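Observations on the model geometry
Letter by letter, the chains look like this.
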Amino acid sequence: REKSPSIAKTMRGILSGMMGIAARYKAIPTNPVRDVSRIRSRPSEDVRALEPGEAVDLWQKLTALSKMPGRHVEATNRQYTPTRIHPDLPDIVLWMLGTSQRIGQALALHWAWIDFDQATARLGPNVIRVKGEGLRINQGTSKTKRQVLDLPEQVMTMLLHRQQSPLYDPMGLVFRGDVNDPMVPRDPHNTLGDLRSAFDMAQYEWVTSHTLRRTVATVLDDAGLSAREVADQLTHSRPSMTLDRYMARSARNPRALAAIEAMLATEPARKVVQLDDRR
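**With respect to the pairing of strand 5 (residues 126–130)**
Relative to strand 6 (residues 134–138), strand 5 runs antiparallel, the two sharing five bridges. Note on strand 6: the bridge partner recorded for Ile128 is Arg136. In sequence, strand 5 turns back onto strand 6 through a hairpin of three residues, with Gly132 there showing a positive phi of about 85°.

What follows is the structure, encoded as structure tokens:
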């Protein structure tokens, strides 16, 4: 009831093996796990992505929130944040919309990986939390380390603006977690919480950080890219995962409407025979 169906199925397999050994050694009469009812997968939720206009609207609202004065704690009348949301959040969202990267990859981005002349970025590690060690840069797979993405003009403008900041360090992180240390990454868990609050303030309560990746996948699909090309952009090894989990299939498709209308407008090859003529 509390774990996912995949975990429950794994546990059932382990218990079945244990009980099978016990049954073979006559410790128990039969393997009781064989009588366990079928573990059914939970119904999958429909993939929902932002419309292009919604994506831009969300980013603009976050930008406005990052410039609004922050709230005050009533008990002490002390401002606990200079602005309603951290100024990094709109830039992180823009980076994820422009590259389809995961939150951990976005927070591991180093300035040294960006080629301003070619407008490209080299993807690589992500930020993870290791028990007993804290935050760490995980190097990821060899495929991820080799990937180079072209950057949209809007993303390059954002990076050039951040490059003018006093916090800029050519060897440090783009989205650092400590103003005094350019190599301390942001905590992905805390950043997700910040994004959750920011999306709520922007009146996009249903949006999550993964919605941004789904939005990019859906936009690329609507643009006519193949499933393999979209999977390469999202660094998926299997296009089937991209199709099933990342593309919003409920989106209206004008091309489908045009094709159906063309079919219905086609001149028939022969006249329809009237019922009276068949007698």
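Past the structure itself, the notes keep going.
**Considerations on unusual backbone geometry**
Phi at Lys26 takes a positive value of approximately 65°, unusual for a residue other than glycine. Here Lys26 is to be found in the loop between helix 1 (5–24) and helix 2 (52–65). In this structure, Ser100 is a non-glycine residue whose phi angle is positive, near 70°. Tracing the backbone shows Ser100 in the loop between helix 3 (88–99) and helix 4 (103–107).

**Topic: the sheet that holds strand 7 (residues 148–150)**
With antiparallel pairing, three strands are arranged side by side in an open sheet as 3-4-7. Strands at the two margins of the open sheet, each flanked by one partner only, are strand 3 (114–115) and strand 7. Note: strand 4 (residues 120–122) against strand 7, three bridges, orientation antiparallel. Opposite Arg122, over in strand 7, you have Val148 as the bridge partner.

**Some remarks on a nonpolar patch on the surface**
Together, Ile7, Met11, Ile14, Leu15 and Met18 make up a nonpolar patch on the protein surface, roughly 450 Å² of accessible area in all. Relative to the helices and strands, Ile14 is located in helix 1. Judged by its relative accessible area of 46%, Ile14 is partly exposed.

**Here we look at the layout of surface pockets**
Size it by volume and the second largest pocket reaches roughly 400 Å³. Around the second largest pocket sit 15 residues that line it, and Ala55, Val56, Leu94, Leu97 and Gly98 are the ones nearest its centre. Contributing elements (two or more residues each) for the lining of the second largest pocket: helix 2, helix 3, helix 6 (153–163) and helix 8 (209–222). Of the residues assigned to the lining of the second largest pocket, the class counts are 11 nonpolar, four polar and no charged.

**Notes on the environment of Gly98**
Among the secondary structure elements, Gly98 is positioned in helix 3. It is 9.2 Å that separates the C-alpha atoms of Gly98 and Glu153, two residues lying 55 residues apart in sequence. Residues contacting Gly98, with those up to four places away along its chain left out, are Pro152 and Val155.

**Topic: the confidence of the model for the protein**
As a note on interpretation, predicted positions should not be read in detail where pLDDT is low. In this model, the protein carries an average pLDDT of 81, and 76% of its residues clear a pLDDT of 70 or more. Residue range residues 270–275 is modelled with pLDDT below 50. Its contacts to residues more than four positions away, or to other chains, number one contact.

**Section: the nonpolar core**
Of all hydrophobic cores here, the largest spans 37 residues; its most connected members are Leu58, Leu62, Trp95, Leu151 and Leu159. Of all elements in the fold, only helix 2, helix 3, helix 4, helix 6 and helix 7 (188–201) reach the threshold of two or more residues within this core. Ranked by the residues each element gives to this core, the list is headed by helix 3, at seven residues. Ignoring sequence-local partners within four residues, the contact set of Leu151 consists of Trp95, Thr99, Ile114, Ala119, Thr120, Ala121, Met156 and Leu159. Ranked by size, the runner-up nonpolar core spans five residues in total, among them Val216, Leu220, Val230 and Leu234.

About the thresholds
- Residues numbered from 1 in each chain as written.
- Predicted model: local features only at pLDDT ≥ 70, side-chain atom pairs only at ≥ 80, totals over all residues.
- Heavy atoms only, no water.
- Pairing = 2+ DSSP bridges.
- Helix = DSSP H or I, 4+ residues; strand = E, 2+ residues; numbered from the N terminus.
- Patch = residues over 30% accessible without salt bridge, like charges linked within 9 Å, V, L, I, M, F, W, Y side chains within 5 Å.
- Areas by Shrake-Rupley, 256 points an atom, 1.4 Å probe, with all protein chains shown as cover.
- Salt bridge = Lys/Arg side-chain N within 4 Å of Asp/Glu carboxyl O.
- Buried < 20%, exposed > 50% of the residue type's maximum accessible area, 1.4 Å probe, protein only.
- 1 Å grid on protein atoms, 1.4 Å probe; cavity = no way out; pocket = protein on both sides within 12 Å on 5 of 7 lines; lining within 4 Å.
- Points joined across faces, edges and corners; volume = space filled by probe spheres on them.
- Nonpolar A, V, L, I, M, F, W, Y, C, P; charged D, E, K, R; others polar.
- Contact = heavy atoms within 4.5 Å.
- pLDDT = per-residue confidence, 0-100.
- Core = buried A, V, L, I, M, F, W, Y, C linked by side-chain atoms within 4.5 Å.

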